[in-house]
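Reading the structure
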Amino acid sequence: MSSETIESVTIEMMEYHFPRYNELAAIPLYRDQVLDCLNSYIMPLCTDQSQPPVTAAMINNYVKLKLLPPPVKKKYDRDQQAQLLCILLLKQVFSICEIRQLLEIQTLTHPFPQAYDYFCVEFEAALRATFSTRKFSGVGQQTQRPTPLSELVCSAALCVAQKIFTQKFLQLDQENCIQMELNACVNE
């Protein structure tokens, strides 16, 4: 990869804007309209530009798996659009069960629009942190000068470590919920 290509990708990711809740369509949209919107938001994050990042079959599967509420009169409201955007990002790293748990945890403490906007802010911050400094743990310890290949290895390791971190805390949360339910049963 040439430095010019690395620079252009870095700039694109540094400037990426994930749509906030109020920027999503206020009126319910038909599935084809939702697909157009979602694909336009997600496409800049994809490496394979030849395939749409989301398809009708994917949306149908999320509804069947009860990860997404079914459309009302074949239309998807703003909440469903936002949920789909989160699912599309999270599915790259997490299982359906983990995504469900992450969405539930976030919406337990905040109204959905606020929880979604918080996710957007954190996602953009993570992109900027990853693409701006690219100072990953371990870079420079093995080599004198980081290279795109050494950064790639470190980035992959960081991605796995972040997934493990999230899964461990999801497990703790699940165990805490089970313990709280048991305590509630004992106290009744």
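Before any of the text, the structure's been laid out above.
Anyway, here's the lowdown on the structure attached to this text. The structure presented is a predicted model; accordingly, all values stated were derived computationally and were not measured.

Looking now at the overall build of the protein. Of the regular secondary structure elements, the protein holds seven helices and two strands. Each of the 188 residues in the protein was classed as buried or not, and the buried ones make up 29%. Accessible surface computed for the protein: about 12400 Å², of which carbon and sulfur atoms make up 59%.

Turning to helix α3 (residues 56-64), a few remarks are in order. Ile59, Tyr62 and Val63 are the residues of α3 that are buried. Projected down its long axis, α3 carries its buried residues within an arc of 100 degrees, all on one side. Those residues of α3 that are buried are in contact with α2 (31-42), β2 (75-76), α4 (78-90) and α5 (96-109). One or two residues past the end of α3 sits Lys66, with phi positive at roughly 60 degrees.

Following the criterion strictly, the structure yields eight aromatic pairs and no others. Ring centres 6.3 Å apart and planes at 70 degrees place the aromatic pair Phe18 and Phe119 in the edge-to-face group. Within this pair, whereas Phe18 is found in the loop between α1 (3-14) and β1 (29-30), its partner Phe119 is found in helix α6 (residues 112-132), the two being separated by 101 residues in sequence. Classification of Phe18 by relative accessible area gives buried; the value is 0%.

Rules and cut-offs
- Residues numbered from 1 in each chain as written.
- Predicted model: local features only at pLDDT ≥ 70, side-chain atom pairs only at ≥ 80, totals over all residues.
- Heavy atoms only, no water.
- Helix = DSSP H or I, 4+ residues; strand = E, 2+ residues; numbered from the N terminus.
- Buried < 20%, exposed > 50% of the residue type's maximum accessible area, 1.4 Å probe, protein only.
- Areas by Shrake-Rupley, 256 points an atom, 1.4 Å probe, with all protein chains shown as cover.
- Arc of directions from axis to C-beta.
- Contact = heavy atoms within 4.5 Å.
- Phe/Tyr/Trp six-rings, centres within 6.5 Å; stacked < 30°, edge-to-face > 60°.

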